[in-house]
Amino acid sequence: SKLSSFPCSILNSTCNVFTLVLVAKDVNILFDELEAVNSPCKDDDSLLHPGNLTSTSDDASRLEAGGETVPERNKLNGLYFRDGKCRIDYILVYRKSNPQTEKREVFERNIRAEGLQMEKESSLINSDIIFVKLHAPWEVLGRYAEQMNVRMPFRRKIYYLPRRYKFMSRIDKQISRFRRWLPKKPMRLDKETLPDLEENDCYTAPFSQQRIHHFIIHNKDTFFNNATRSRIVHHILQRIKYEEGKNKIGLNRLLTNGSYEAAFPLHEGSYRSKNSIRTHGAENHRHLLYECWASWGVWYKYQPLDLVRRYFGEKIGLYFAWLGWYTGMLFPAAFIGLFVFLYGVVTLDHCQVSKEVCQATDIIMCPVCDKYCPFMRLSDSCVYAKVTHLFDNGATVFFAVFMAVWATVFLEFWKRRRAVIAYDWDLIDWEEEEEEIRPQFEAKYSKKERMNPISGKPEPYQAFADKCSRLIVSASGIFFMICVVIAAVFGIVIYRVVTVSTFAAFKWALIRNNSQVATTGTAVCINFCIIMLLNVLYEKVALLLTNLEQPRTESEWENSFTLKMFLFQFVNLNSSTFYIAFFLGRFTGHPGAYLRLINRWRLEECHPSGCLIDLCMQMGIIMVLKQTWNNFMELGYPLIQNWWTRRKVRQEHGSERKIRFPQWEKDYNLQPMNAYGLFDEYLEMILQFGFTTIFVAAFPLAPLLALLNNIIEIRLDAYKFVTQWRRPLASRAKDIGIWYGILEGIGILSVITNAFVIAITSDFIPRLVYAYKYGPCAGQGEAGQKCMVGYVNASLSVFRISDFENRSEPESDGSEFSGTPLKYCRYRDYRDSPHSLVPYGYTLQFWHVLAARLAFIIVFEHLVFCIKHLISYLIPDLPKDLRDRMRREKYLIQEMMYEAELERLQKERKERKKNGKAHHNEWP
């Protein structure tokens, strides 16, 4: 079709000029020639149409009049130009009061020179805000689609069915008959409500105008979907000059310097409808996504990933595909973790250790803090001993091995899943374009240039010495911020040490009797507040350090910023957890010779039932609070902002009638997508993955909490993208980027940490050593509950109360237990009695336990790493059936292209014969 067939809603006096200019290909307007063109006045105010404030009642009266044509209906939905024929592909927003008028004027003239059609509209709320509507005609779309290698459908797929024997086909028929009696899978989406996504059932090839007859074109207006049209227009805008100079080019720079306030593609209408989607169908793809994906009523169904990809692009589609895959893989982990917990519940009454703790009314434990903490019976910690058994039981080691293997299987199968998605979405052969240099990099290093080895053009160059010095400064900043985290943890440690004594002297008996639990609970809550405050600081520091490094391209900047933010937040979130798991109660000394901070504060001891209960509380509270806060900030904050915007509009225009805004104004009033794209979404899930795997041996319910959160997270993110955010630009990507490497690093770290948690934090190894070496079954090769008789007494040492330091001596003498002052108390450690040759020296059992712990760590790590590498080797990255499909598709495409070309030549030959222009030497 010719360009003149497309309606031109631009100024009549300039329309002929634009048509003449558009005939030429790849026109570059020279700035000295612009003055000679009969152009509109400044900012093209002659193109500007004031917005008409209409009400729903006005529109209803128009519709009731009858005889409405398609262009008239298109005018009302706010997705087309005023003529109702040119679809809006992109929106630019600026303010009249902005001083960057000349840059916008030149930029918009060059936009028209590239063939894009333009129309302007003032805001209904604020006349200072101007909306620039852009439309790309067919010729422009075709030309740039060919340059960008946009793949489009050209033949329907022929599914290859392997030859099957009669016996197997009969079995398949019987199975299919049996399946008819089974209930349909409730998680599958209703195919009747989903549109026929043609590109997924067709072979695709890079678009070519010379071979346009090969492609399936039913309607040129809908051949390129809206996401592709917006991507092409954005590609054009990124390559248009706005000022004289080599680097004065691109929309991003105009957004940075404030020439334009916003730039975004439009949503496809409203996401709500008065009619049911089952009876009347979907109004548009946005409505369909809301009903089939973002609605809470479909929380149990699979995601329509093809529709998500079509509407939001491959990059966002890959994020939701990864999130859905991660959530699905959490099901077996959550089931096994719940089984471990229930196993602890079932075996609780048969646990010999918890029985002995609950029955130890005659064992008096030493105070856990100076002066104010009283002596206590070991039986007082009966509840904590039972709770510890729920998480620290015989199935814990199996679960730790399972989760280490699970992390590897998850990553390996994700690579296979990603390969299938990349094949279905035509990302196999897609390569990223040569990225543009960041404006900040150009401004800093514009004086030094060298030839780009790819493009062959001169570009700014950063000297190696300058780059190294900046990296050293950045690394120093990272190290300093990690020291800030360690200082915060040190402050929490001091708080725990001080408040133990405070709570021990508290008036309320409930807090006084549970001083350690109260200390741990309040410390975790304070730690969470510190974490959230430091996260705000870390974001600013990460931005400062990343900009200081001066990355060359946007992807380099994004990777550098991502690595810093992950490192900061990971250390911030897990530092206190590492302290509780590996340092709490390990370096306290013993009664009479306590180690102290600054020779003043006595280090905190573990509870008589062990430190694992503290670790469980730390992980449970932090995980629940963090996920709740993230979900509120992701959805609650945009909801509140959008509600406040609507409230201001109602106050300004009155609430006596419902205002009907055009789609561009509705989208402008929505919140823009995060400045860092999908960074926050990925970071939240990656940190959760770390919580799920790194300390899972101490908290088996972590996968279950993660699963419940992710089921909500998918719908929250979907609702946010569909209803609360402006439509993001549909961008392409082949994988999840640097996040995959971070996931692999977390998987390796989880093996090490779980080995240390089992060996050091839990009592698994001391119990094992006692059962085989010191218990009633010593030398018999058994380790049942009967072999644990006497374990509690063997794990406690004896201390003579008269050996207390003056500042540690408790105020109570313990006479409330037996009527006479106590002479001895017990504490958790393997030390000799005060009457031995070396009082309070380590016993032989201590060295046996230490050796067993070190041996377990080495054996566990090597065994699990061997299993992980074996699984990685055995699972291919590309499924065999996908490899065969790719090879067959490549063969069929070549055959189809040849047949189509041959068919075209034969048609041309027949036409020549009819016209009497046949030649004897024609081919074929």
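For the protein, an unreviewed UniProt entry supplies the name Anoctamin and the organism Propithecus coquereli.

As a further point, take the overall build of the protein. Counting secondary structure elements, the protein contains 31 helices and 19 strands. Burial analysis of the protein (924 residues in total) assigns 50% to the buried set. Sequence separation of at least 24 residues holds for 77% of the intrachain contacts in the protein that already meet a minimum separation of 6. As displayed, the protein offers around 46,300 Å² of accessible surface, 58% of which is attributable to carbon and sulfur atoms.

This paragraph deals with the packing of helix 11 (residues 285-294) against helix 25 (residues 702-724). Where helix 11 meets helix 25, the closest approach of the two axes is 10 Å, and the angle between their N-to-C directions is 165°. Here helix 11 is positioned roughly antiparallel relative to helix 25, judged by the angle of their axes. The handedness of the crossing between helix 11 and helix 25 comes out as left-handed. Within the contact between the two elements, helix 11 uses Arg 286, Leu 289, Tyr 290, Trp 293 and Ala 294 and helix 25 uses Arg 715, Ala 718, Tyr 719, Val 722 and Thr 723.

Attention shifts here to a nonpolar patch on the surface. Together, Trp 629, Phe 632, Met 633, Tyr 637, Ile 640, Trp 643 and Trp 644 make up an exposed nonpolar region whose accessible area comes to about 740 Å². When its relative accessible area of 34% is taken as the criterion, Met 633 is described as partly exposed.

Moving on, we come to the pairing of strand 4 (residues 117-122). Burial analysis of strand 4 places 6 of its 6 residues in the buried class, which makes it a mostly covered element. Side chains of strand 4 alternate between two faces, with Gln 117, Glu 119 and Glu 121 and Met 118, Lys 120 and Ser 122 buried alike. Here 6 bridges tie strand 4 to strand 5 (residues 129-135), and the two strands are oriented antiparallel to one another. Looking across to strand 5, one finds that Glu 121 is bridged to Phe 131. From the end of strand 4 to the start of strand 5, which pair antiparallel, there are 6 residues.

Our next topic: the state of the cysteines. A complete count under the given rule lists 3 disulfides for this structure. Covalent S-S linkage joins Cys 358 and Cys 382, the inter-sulfur distance amounting to 1.9 Å. Linking Cys 358 and Cys 382, the disulfide has an S-S dihedral of approximately 80° and is accordingly described as right-handed. Pair noted here: Cys 358 is in helix 14 (residues 352-359) and Cys 382 is in helix 15 (residues 382-391), with a separation of 24 residues, a long-range link. A relative accessible area of 16% means that Cys 382 is categorised as buried. Across the disulfide, Cys 777 is cross-linked to Cys 787 (sulfur-sulfur distance 2.1 Å). Note on the Cys 777 and Cys 787 pair: the S-S dihedral is about -85°, so by sign convention the disulfide is left-handed. Separated by 10 residues along the polypeptide, Cys 777 in the loop between helix 27 (764-774) and helix 28 (791-794) and Cys 787 in the loop between helix 27 and helix 28 bring together distant segments of the chain. Among the residues examined, Cys 787 registers a relative accessible area of 0% and is labelled buried.

Checked against the element boundaries, Phe 578 lands in helix 21 (residues 554-582). Overall, the relative accessible area of 23% leaves Phe 578 in the partly exposed class. Placed 37 residues apart in sequence, Phe 578 and Leu 615 show a C-alpha to C-alpha distance of 9.0 Å. Residues in contact with Phe 578, not counting those within four places in the same chain, are Phe 583, Ile 694, Phe 695 and Thr 753.

Generally speaking, soluble globular proteins have nonpolar side chains that are buried together. Membership of the largest hydrophobic core comes to 149 residues, with the highest contact counts inside it found for Phe 312, Trp 322, Tyr 326 and Trp 406. Looking at this core element by element, the count peaks at 15 residues for helix 13 (residues 314-346). Counting residues in hydrophobic clusters, the runner-up holds 38 residues, among them Tyr 144, Phe 154, Ile 236 and Tyr 242.

What follows is about unusual backbone geometry. Its identity is not glycine, yet Asn 149 carries a phi of approximately 55°, on the positive side. Secondary-structure assignment places Asn 149 in the loop between helix 5 (138-147) and strand 6 (151-156). Here Gln 550, not a glycine, exhibits a phi torsion of approximately 55°, which is positive. Within the secondary structure layout, Gln 550 lies in the loop between helix 20 (515-549) and helix 21. Given a relative accessible area of 12%, Gln 550 falls into the buried group.

Per the UniProt annotation, the sites labelled "transmembrane region" (unreviewed entry) are residues 319-346, 395-414, 471-497, 517-538, 566-587, 686-708 and 736-760. As annotated, residues 517-538 comprises 100% helix and 0% strand, and the C-alpha atoms at either end are separated by 31 Å. Structurally, residues 686-708 comprises 70% helix and 0% strand, and the distance from its first C-alpha atom to its last is 16 Å.

Each aromatic ring pair is described using two quantities: the centre-to-centre distance and the angle formed by the ring planes. Evaluation of the coordinates by the stated rule reveals 51 aromatic pairs. With 5.0 Å between their ring centres and 70° between their planes, Tyr 319 and Phe 320 make a pair best called edge-to-face. Each member of the pair, Tyr 319 as well as Phe 320, is classed as buried. Both rings, one in Tyr 770 and one in Tyr 791, keep their centres 5.6 Å apart while their planes meet at 70°; by these two values the pair is edge-to-face. Placement of the pair is Tyr 770 in helix 27 and Tyr 791 in helix 28, with a sequence separation of 21 residues. By relative accessible area, which is 6% here, Tyr 770 ends up buried. We note Arg 727 situated over the ring of Tyr 311; from NZ or CZ to the ring centre the distance is 3.8 Å.

Looking only at helix 27, the buried set comprises Ile 765, Pro 766, Arg 767, Val 769, Tyr 770 and Ala 771. Where helix 27 is buried, its residues meet helix 14, helix 26 (738-761), helix 28 and helix 30 (844-874).

With that settled, the discussion passes to the pattern of salt bridges. As enumerated under the stated definition, the model contains 26 salt bridges in all. Among the salt bridges present, the one from Arg 82 reaches Glu 121, with a minimum N-O distance of 3.1 Å. Residue Arg 82 is located in the loop between helix 3 (70-77) and strand 3 (90-95), and its partner Glu 121 is located in strand 4; the two are separated by 39 residues in the primary sequence. Residue classification places Arg 82 among the partly exposed positions, given a relative accessible area of 25%.

What counts and what doesn't
Residues numbered from 1 in each chain as written. Predicted model: local features only at pLDDT ≥ 70, side-chain atom pairs only at ≥ 80, totals over all residues. Heavy atoms only, no water. Helix = DSSP H or I, 4+ residues; strand = E, 2+ residues; numbered from the N terminus. Buried < 20%, exposed > 50% of the residue type's maximum accessible area, 1.4 Å probe, protein only. Contact = heavy atoms within 4.5 Å. Areas by Shrake-Rupley, 256 points an atom, 1.4 Å probe, with all protein chains shown as cover. Axes fitted to C-alpha atoms, helices over the stretch in contact; angles between N-to-C directions. Parallel < 35°, antiparallel > 145°, perpendicular 65-115°, else oblique. Left-handed = near helix turned anticlockwise from the far one by under 90°. Patch = residues over 30% accessible without salt bridge, like charges linked within 9 Å, V, L, I, M, F, W, Y side chains within 5 Å. Salt bridge = Lys/Arg side-chain N within 4 Å of Asp/Glu carboxyl O. Pairing = 2+ DSSP bridges. Disulfide = S-S within 2.5 Å. Core = buried A, V, L, I, M, F, W, Y, C linked by side-chain atoms within 4.5 Å. UniProt positions renumbered as here; feature names shortened; annotations may be inferred. Phe/Tyr/Trp six-rings, centres within 6.5 Å; stacked < 30°, edge-to-face > 60°. Lys NZ or Arg CZ within 6 Å of the ring centre and 35° of its normal.

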